[in-house]
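Each chain is listed here by its residues.
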Amino acid sequence: MVRRSRVATSASRKVLEGKCYCGDVGYQVEDAFLYAAYCHCSQCRRTTGSAFKPFAGIERSKLRLREDAGKLLIVGEDNGHDAHCARCGSLLYSVVREGAYVHVALGTLVDAPSIRPDKHIFVASKAPWFEITDGLPQYPEFPD
Ligand SMILES: [Zn+2]
Ligand SMILES: [Zn+2]
C-alpha cells in the first residue's frame, strides 16, 4: 500500500511550506505524509466552509510553525484540536490521535506534496448537495 520511490535520509527530505490566508501563520512540514483523504464529515465542512476537506496525516513532530508565526486560535484540547490563524481564521491543521499526529489542511500548503488524497471518508455524513464524481474508494467513516 505504501509506495516508496526512493530512500530518503532525514537530511535530504523535502520540506513543504504552508501558510494561512492572511500570511500571519506560516509552517513547514516534511513531505513525508503517511496518508491523505477527502473528509466529508460535518466538522470538516464547517471548519472549512467547503463540501469536504482534503487533508494529509503525518507525525506531529514533522510539522513546525515558522519562528515569526503569529498567534493561533486553538479550538479543542491539547491533544485534539483544530489550529486556525487567530487573525484570518484559516484552518491550518488538526492535532489528532492523542496528539501524536496532525492532519494538515492541504489547501494551506504553498508547495505541492508528493502524496495525493486517494479516498473519500465519512461519506455517510456527506453534504447532500455535493456529488462525488471521481472513481476513488468511498468509506462511510474512517477506514480501518
Ligand atoms: Zn492568517
Ligand atoms: Zn472530517
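Presented here is an overview of the structure given in this document. Just so it is clear, the model here is predicted, and its values are computed rather than measured.

Criteria and cut-off values
Residues numbered from 1 in each chain as written. Chains lettered and ligands numbered in written order. Predicted model: local features only at pLDDT ≥ 70, side-chain atom pairs only at ≥ 80, totals over all residues. Heavy atoms only, no water. Helix = DSSP H or I, 4+ residues; strand = E, 2+ residues; numbered from the N terminus. Salt bridge = Lys/Arg side-chain N within 4 Å of Asp/Glu carboxyl O. Buried < 20%, exposed > 50% of the residue type's maximum accessible area, 1.4 Å probe, protein only.

**What about the environment of Cys41?**
- For Cys41, the location among the structural elements is in the loop between strand S3 (35-39) and helix H1 (42-48).
- Along the backbone, Cys41 and His84 are 43 residues apart, and their C-alpha atoms lie at a distance of 18 Å.

**Details of the pattern of salt bridges**
- Per the stated rule, a full pass over the model turns up five salt bridges.
- With a closest N to O distance of 3.9 Å, Asp68 and Arg66 form a salt bridge.
- Accessibility expressed as a relative area gives 36% for Arg66, which makes it partly exposed.
- Asp118 is paired through a salt bridge with Lys119; the nearest N and O atoms lie 2.8 Å apart.
- Of the residues examined, Lys119 reaches a relative accessible area of 14% and is grouped as buried.
- Through salt bridges that share partners, Glu17, Arg66 and Asp68 make up one connected network.

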